[in-house]
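Residue-level structural notes
Each chain, letter by letter, is given below.
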Amino acid sequence: MSRINRQLRLKSRPEGLVKREDFDLQEYPVAELKDGEVLVRVLYLSMDPTNRVWMSDIPQYMPPVAIGEVMRGLGLGRVVMSKSANYAEGDLVQGLLGWQDYAVIDDSHLKDYVKLPPRPPVPLPTLLGACGFSGITAYYGLTEIAPVQPGETLVVSAAAGSVGSIVGQIGKLRGARVVGIAGGPEKCRYLIDELGFDAAVDYKAEDWKKALADATPDGVHVNFENVGGPVMRAVLSRMVNGGRVALCGLIANYTSGARPSDDYSVIIVKRLTVRGFLAFDYRDTQKAVQELIGWVLKGRIKAEETIEDGLENAPLVLNQLFEGSNRGKLLLRVSDEV
Ligand SMILES: NC(=O)c1ccc[n+]([C@@H]2O[C@H](COP(=O)([O-])OP(=O)(O)OC[C@H]3O[C@@H](n4cnc5c(N)ncnc54)[C@H](OP(=O)(O)O)[C@@H]3O)[C@@H](O)[C@H]2O)c1
């Protein structure tokens, strides 16, 4: 029986939030495999803020997705057919599989994909969240980019999200006082009661800047920045002289088209070190992944995912990241386990 591949192709560049009409859902029969190729059934797609950036024709770290192209997306899939000596049927594969049901990868692109054990020690969704790209981002941000020391105050924004929730928990493991910034009282309660943060600030509350000041009486030594805009400005104003910033993301700008303020004087006044970084630059992530898996298995880090269903829903599901309706890693289940 021939397999049908559904693909979401970018039709128009979204303005603001993504609309279903910005994508075409097209169907093609899966072609016969050539030597050296494998066919991967996509199981989960990682819904990432960077997907929205890739849809825009702006300067960025990868070429924007072209109009008519299959939407680029990180995913986890299982090999269902192999004509490569490097993969066997049943292997799990992680990498840029794209917003589609099936991906064909070939031996010349092996280095772009990670082969995972067929039966990993943590659930598959966790391999895309706490023990995947989000966890890796948190790990390197806090160990190499802006290492936090015991007793220091760490502030992390988008703290109830995928990267932020792991950042805060690693901060606690490193002995820091951890303050999370998140939208709404429910998320703030979650940070303190379930993830063990020391304090949480609801940036949607009227008096949030005072709450931030109250939560950081000794100032902020490390800022793990996921948001930008007014949240980042408020945190920078609380930093100690010589404080360090791991500049991970600026999600407040991704749908607005706004460019960040060019008033960087606080960086001079407070002699801050601000380091931007991309988790994609870390090629050998085995050490980080093994440590993250160990923490999850020992219950030292809680992994949470928000999982939605259906490839066709990907454009609208992505918007949850910008509306703040996800908690932990936002994933799209494309297919049940095969
Ligand atoms: N540098 C890297 O290599 C790298 C890798 C992965 C991710 N990132 C960046 O890390 C950040 C978090 O990514 P993620 O995948 O973990 O997403 P996430 O935190 O799971 O989801 C995004 C969260 O951002 C918050 N948010 C959205 N718009 C906001 C706004 N205008 N102001 C304040 N908060 C807002 C929302 O939470 P609330 O309900 O709290 O508003 C939302 O849940 C993003 O900026 C992303 O681009 C960077």
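Residues numbered from 1 in each chain as written. Predicted model: local features only at pLDDT ≥ 70, side-chain atom pairs only at ≥ 80, totals over all residues. Heavy atoms only, no water.

So, the pairing of strand β5 (residues 92–96)
Along any regular strand, the residues point their side chains to alternate faces of the sheet. The element β5 is largely enclosed, with a buried count of four among its five residues. Pairing analysis gives five bridges linking strand β4 (residues 74–82) to β5, with the strands arranged antiparallel. Its bridge partner lying in β5, Leu76 is registered against Gln94. Looking at chain direction, β5 and strand β7 (residues 114–116) are connected through three bridges and run antiparallel. By the bridge assignment, Val93 is partnered in β7 with Lys115. (Buried < 20%, exposed > 50% of the residue type's maximum accessible area, 1.4 Å probe, protein only. Helix = DSSP H or I, 4+ residues; strand = E, 2+ residues; numbered from the N terminus. Pairing = 2+ DSSP bridges.)

Let's talk about the domain arrangement of the protein chain
Quite often, the size of an interface is put as the accessible area lost when its parts meet. We note that the domain assignment places domain 1 (4–128 + 304–333) and domain 2 (133–280) within the protein chain. Using only C-alpha atoms to locate each centre, domain 1 and domain 2 end up separated by 28 Å. Taken together, the contacts link 19 residues of domain 1 with 15 residues of domain 2. Summing both partners gives a buried area of about 1,500 Å² for domain 1 against domain 2, and 63% of it is carried by carbon and sulfur. In terms of surface lost to domain 2, no three residues of domain 1 exceed Tyr61, Phe322 and Arg327, which account for 31% of the buried area on that side. Seen at the junction of domain 1 and domain 2, the total is zero salt bridges. Where domain 1 packs against domain 2, one counts four residue pairs in polar contact (both at pLDDT 80 or more). Elements with a contribution of two residues or more to the side of domain 1 that touches domain 2: α1 (49–54) and α11 (320–323). For the side of domain 1 that touches domain 2, the leading source of residues is α1, giving four residues. Residue classes in the side of domain 1 that touches domain 2 are distributed as 10 nonpolar, four polar and five charged. (Domains from an automatic or database assignment. Contact = heavy atoms within 4.5 Å. Buried area = accessible area lost by both parts, 1.4 Å probe. Salt bridge = Lys/Arg side-chain N within 4 Å of Asp/Glu carboxyl O. Polar contact = N/O pair within 3.5 Å; in protein donor to acceptor, adjacent residues only side chain to side chain. Nonpolar A, V, L, I, M, F, W, Y, C, P; charged D, E, K, R; others polar.)

What about empty space enclosed by the protein?
What the rule picks out here adds up to one cavity of 30 Å³ or more. The volume enclosed by the largest cavity comes to roughly 40 Å³. What lines the largest cavity is simply Gly129, Ala130, Ser162, Ser165, Ile166, Lys302, Ala303, Glu304, Gly328 and Lys329. Top element by residues in the lining of the largest cavity is helix α4 (residues 162–173). It accounts for three residues. Considered class by class, the residues forming the lining of the largest cavity number three nonpolar, four polar and three charged. Built from parts of two domains, the lining of the largest cavity gets at least three residues from each of domain 1 (4–128 + 304–333) and domain 2 (133–280). (1 Å grid on protein atoms, 1.4 Å probe; cavity = no way out; pocket = protein on both sides within 12 Å on 5 of 7 lines; lining within 4 Å. Points joined across faces, edges and corners; volume = space filled by probe spheres on them.)

Regarding the nonpolar core
Judged by nonpolar contacts, the single largest core of 49 residues is most densely connected at Phe23, Leu45, Met47, Met55, Trp99 and Leu318. In terms of residues, this core owes the most to one element, helix α7 (residues 229–236), which gives five residues. Structurally, this core is a two-domain feature, drawing no fewer than three residues from each of domain 1 (4–128 + 304–333) and domain 2 (133–280). Within the second largest apolar cluster, 47 residues are counted, among which are Val122, Ala176, Val178 and Ala288. (Core = buried A, V, L, I, M, F, W, Y, C linked by side-chain atoms within 4.5 Å.)

Quick notes on the side chain of Gln7
One can find Gln7 in strand β1 (residues 4–10). Residue classification places Gln7 among the buried positions, given a relative accessible area of 10%. Side chain to side chain, Gln7 and Arg9 meet in a polar contact 2.7 Å long. A distance of 2.8 Å separates polar atoms of two side chains, one belonging to Gln7 and the other to Gln100. Gln7 has contacts with Asp24, Leu25, Gln26, Tyr28, Val70, Trp99 and Gln100, leaving out every residue within four places of it along the chain.

Looking at helix α5 (residues 185–194)
Taken together, the buried positions of α5 are Lys187, Cys188, Tyr190 and Leu191. The arc that holds the buried residues of α5, viewed along the axis, is 155 degrees, so those residues lie on one side. Away from its buried face by more than 90 degrees, α5 exposes Pro185 and Asp193. Taken from the residues just after α5, Gly196 is the one with a positive phi, measuring 80 degrees. (Arc of directions from axis to C-beta.)

Examining the site of the ligand
Around the ligand sit 27 residues, and of these Lys187, Tyr203, Asn226, Ala279 and Asn326 come closest. Note that a nitrogen atom of the ligand is positioned 2.9 Å from one of the backbone N or O atoms of Cys248. Burial of the ligand by the surrounding chains reaches 91%, relative to a free accessible area of 910 Å². Elements with a minimum of two residues in the shell around the ligand: α3 (133–145), α4 and α11. Here the residues of the shell around the ligand are counted per class, giving 17 nonpolar, nine polar and one charged. Mapped onto the domain boundaries, the shell around the ligand takes at least three residues apiece from domain 1 (4–128 + 304–333) and domain 2 (133–280). (Near = heavy atom within 4 Å. Areas by Shrake-Rupley, 256 points an atom, 1.4 Å probe, with all protein chains shown as cover.)

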